[in-house]
Amino acid sequence: MRAAGVTQFGGPEALQVVDVPDEPLGPGQVRIRVQAATVNPTDTHARAGAYADRDPVKQPPWVPGMDVAGVVAEVGEGVEHVAVGDAVMGIVVPTGAHGGYREDLVLPGGSVVAAPKGVDAAAASTLPMNGLTARLALDLMGLAPDQVLAVTGAAGAFGGYVVQLAKADGMTVVADAAEADEELVRGLGADVIVRRGDDVAQRIREQFPDGVDGLADGSVQDALVLPAVREGGAVATVRGYRGDGQRGLRVFPTLVRRVAEDRAALDRLRQQAEDGVLSLRVARTFPAEQAAEAHRLLEAGGVRGRLVLTF
Ligand SMILES: NC(=O)c1ccc[n+]([C@@H]2O[C@H](COP(=O)([O-])OP(=O)(O)OC[C@H]3O[C@@H](n4cnc5c(N)ncnc54)[C@H](OP(=O)(O)O)[C@@H]3O)[C@@H](O)[C@H]2O)c1
């Protein structure tokens, strides 16, 4: 079975086409013939070996990738919500050779739903992982519709979905953007845009002098963004930052693995994509053989929309 993975952790060049064993299909599981797999920042960390210690699988190859879209090839006993031949999307919790960058993949049924109608597999693959993370970040913060949310990294995949979901929930959204991304971020629905950068918290305070009620930190600026938030406000972080313990801030490290089998949430994202609430943004597709090039581009920064591998 063809996959893009590493036998030795390293730079982008470590990523090569590898042969991986077929995965057995158990009850409640779905086998997908993968057509598209997104390239996310976490995949570059996986490729470099950042998660090797915590991965119970110690044998190469390691296959990165956390979301996919394709066609159902087989369903396990008890699976009724999708059928063979359906176009689907799914979220992957990678371990060893079980990652998104492979042409044949078995996932828990709860991690797989119908793909949004009217979009191709590349576009569909951009939704599950970052959509679920954005939803979880908002749910953890639990803001009310009349409250104000700030989003950093708003031009990115996670930040963009947070902006769109928060607007759909009725919040006022202030988002950061580089000058070149202003139109993009405004198009996502942000009410107020401030220039991104190390002083983003001060710029948010200039617009909301009492501080915002919540902040989703998609740019991973950690301590730098905390001053934007009012005393007792909420912060969702995406790479483990737990805050500085000051001013009663409620900091929520947001881990998408927690909701990787929340089929209802995934299906709601599908519906919101079909309804035009969420926009699916593909920067470029690459045949899986060019996975290393996709990793190089992502690590260089400045990519808008997701890079997607095709099988
Ligand atoms: N914990 C979880 O379960 C989970 C799930 C999903 C995502 N994540 C994490 O969330 C983060 C965002 O992911 P993503 O897919 O949205 O990445 P992305 O698409 O690359 O977006 C990140 C955005 O932040 C911007 N940015 C980076 N550094 C910045 C800085 N110092 N100041 C201002 N803006 C900055 C980037 O701009 P440039 O491109 O110009 O640098 C980009 O627009 C990643 O670290 C990812 O690993 C975690």
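Sequence positions are assigned chain by chain, starting from 1 and proceeding in written order. In keeping with the predicted nature of the model, local features appear solely for residues at pLDDT of at least 70, side-chain atom pairs appear and are counted solely at 80 or more, and the whole-chain, interface and lining totals rest on all residues. Hydrogens and water are ignored here; the side-chain numbers use all heavy atoms of the structure.

1. Topic: the packing of helix 3 (residues 128–141) against helix 7 (residues 263–274)
To characterise two packed helices, one gives the angle between the axes of the helices and the distance between these axes. Note on geometry: axes are lines fitted to C-alpha atoms, helical ones only across the stretch in contact, with angles between N-to-C directions running from 0 to 180 degrees. Here a strand is any run of E in DSSP of at least two residues, a helix any run of H or I of at least four, and the numbering for each starts at the N terminus. Packing of helix 3 against helix 7 brings their axes to within 10 Å, and their N-to-C directions diverge by 105°. The orientation of helix 3 with respect to helix 7, classified from their angle, is roughly perpendicular. Residue-level contacts link Pro-128, Gly-131, Leu-132 and Arg-135 of helix 3 to Ala-265, Leu-266, Arg-268 and Leu-269 of helix 7. Think of it as three bins: nonpolar holds Ala, Val, Leu, Ile, Met, Phe, Trp, Tyr, Cys and Pro, charged holds Asp, Glu, Lys and Arg, and polar takes everything else, Gly as well. Here the contact of helix 3 with helix 7 is built from residues that sort into five nonpolar, one polar and two charged. Just so you know how the angles are binned, under 35 degrees is roughly parallel, over 145 roughly antiparallel, 65 to 115 roughly perpendicular, and the rest oblique. Note on definitions: a residue-residue contact is assigned when non-hydrogen atoms from the two residues lie within 4.5 Å.

2. Looking at the packing of helix 3 against helix 4 (residues 157–168)
The interhelical angle for the contact between helix 3 and helix 4, taken along N-to-C directions, is 55°, at an axis separation of 8 Å. Put simply, helix 3 runs oblique to helix 4. The two elements helix 3 and helix 4 meet at a crossing, and its hand is right-handed. Residues Asn-130, Gly-131, Thr-133, Ala-134, Arg-135, Ala-137 and Leu-138 of helix 3 form the contact with helix 4, whose participating residues are Ala-157, Phe-158, Tyr-161, Val-162, Leu-165 and Ala-166. Looking at side-chain class alone, the contact of helix 3 with helix 4 contains nine nonpolar, three polar and one charged residues. Handedness of a crossing follows from how the near helix is turned relative to the far one, being left-handed for an anticlockwise turn of less than a right angle and right-handed for a clockwise one.

3. Thoughts on the site of the ligand
Proximity criterion: a residue is near a molecule or strand once any of its heavy atoms comes within 4 Å of it. Close to the ligand lie 23 residues, the nearest being Arg-239, Thr-254, Val-256, Gly-302 and Arg-306. Any pair of nitrogen or oxygen atoms within 3.5 Å is treated as a polar contact; in protein, a donor-acceptor pairing is required on top of that, and neighbouring residues in sequence qualify only through side-chain atoms on both sides. At 2.8 Å from an oxygen atom of the ligand is found a main-chain nitrogen or oxygen belonging to Val-256. Taking Gly-302, its main chain carries an N or O atom lying 2.7 Å from an oxygen atom of the ligand. Residue-level accessible areas treat just the shown protein chains as cover; the underlying method is Shrake-Rupley with a 1.4 Å probe. Isolated, the ligand exposes 920 Å² of accessible area, and the fraction of that covered by the protein chains is 81%. Elements that contribute at least two residues to the shell around the ligand include exactly helix 3 and helix 4. Here the shell around the ligand gets three residues from one element, more than from any other, and that element is helix 3. Each residue belonging to the shell around the ligand can be placed in one class, and the counts come to nine nonpolar, ten polar and four charged.

4. Some thoughts on empty space enclosed by the protein
Only protein atoms enter the 1 Å grid used here. Points where a 1.4 Å probe fits but cannot escape make up a cavity, open sets with protein on both sides within 12 Å along at least five of seven lines make up a pocket, and a residue lines them when an atom lies within 4 Å of a point. Grid points are joined across faces, edges and corners, and a volume is the space filled by probe spheres set on the points. One pass over the structure, following the stated rule, counts one cavity of 30 Å³ or more. Computed from the structure, the largest cavity encloses a volume of approximately 70 Å³. What lines the largest cavity is Thr-126, Ala-157, Gly-160, Tyr-161, Gln-164, Ser-279, Arg-281, Gly-305 and Arg-306. Examining the composition of the lining of the largest cavity, we find that four residues originate from one element, helix 4, more than from any other.

5. Side note on the pattern of salt bridges
The salt bridge definition used is simple: a Lys or Arg side-chain nitrogen within 4 Å of an Asp or Glu carboxyl oxygen. Enumeration according to the criterion identifies 18 salt bridges in this entry. Arg-2 is the partner of Glu-103 in a salt bridge, and the nearest nitrogen-oxygen pair spans 3.9 Å. One end of the pair, Glu-103, is in the loop between strand 5 (87–91) and strand 6 (104–108); the other, Arg-2, is in strand 1 (residues 2–5), and 101 residues separate them in sequence. Here's how the labels work: a residue is buried when its accessible area is under 20% of the maximum for its type, exposed when over 50%, partly exposed in between, all with a 1.4 Å probe on protein chains only. Given the relative accessible area of 17%, Glu-103 is considered buried.

6. Focus on helix 8 (residues 291–300)
Given 3.6 residues per turn, any residue in an α-helix points the same way as the ones three and four places further on. Within the sequence span of helix 8, burial applies to Ala-291, Ala-292, Ala-294, His-295 and Leu-298. One side of helix 8 holds all its buried residues, which, seen down the axis, span an arc of 160°. Tucked inside the fold, the buried residues of helix 8 contact strand 1, strand 3 (29–39), helix 1 (41–48), strand 14 (282–287) and strand 15 (306–310). Directly beyond the C-terminal end of helix 8, a positive phi value near 85° is found at Gly-301. This arc corresponds to the set of directions leading from the helix axis out to the C-beta atoms.

7. Some details on the environment of Arg-306
Among the secondary structure elements, Arg-306 is positioned in strand 15. Separated by 248 residues in sequence, Arg-306 and Lys-58 place their C-alpha atoms 29 Å apart. A polar side-chain atom of Arg-306 sits 2.6 Å from a polar atom in the side chain of Asn-40.

8. Describing the side chain of Thr-38
Counting through the fold element by element, Thr-38 comes out in strand 3. You can call Thr-38 buried: its relative accessible area is 0%. Separated by 2.9 Å, the side chains of Thr-38 and Asn-40 make a polar contact. Residues in contact with Thr-38, not counting those within four places in the same chain, are Asp-43, Asp-67, Tyr-101, Ser-125, Thr-126, Arg-306, Leu-307 and Val-308.

9. Points about the side chain of Arg-306
Here Arg-306 sits buried without a salt bridge, and the closest side chain of opposite charge, Asp-67, lies 7.0 Å off (N-O distance). Among the polar contacts made by the side chain of Arg-306, one reaches the main-chain carbonyl oxygen of Val-39 at a distance of 3.5 Å. In this structure Arg-306 touches Thr-38, Val-39, Asn-40, Pro-41, Thr-126, Asn-130, Ala-157, Arg-281, Val-282, Ala-283, Arg-284 and Leu-298, once residues within four positions along its chain are discounted. Under the convention used here, Asp and Glu are negative, Lys and Arg are positive, and both His and the chain ends fall outside the count.

10. A short note on the sheet that holds strand 8 (residues 148–152)
Whether two strands pair depends on DSSP finding at least two bridges between them. Spatially, the six strands line up as an open sheet ordered 10-9-8-11-12-13, and their pairing is parallel. The sheet is open, and its two borders are formed by strand 10 (192–195) and strand 13 (250–253), each paired with just one other strand. When strand polarity is set aside, the average angle formed by the axes of neighbouring strands in this sheet is 20°. Two strands pair when backbone bridges link them, and strand 11 (residues 212–217) and strand 12 (residues 229–237) are joined in this way by five bridges, in the parallel orientation. By the bridge assignment for strand 12, Leu-215 is matched with Val-235.

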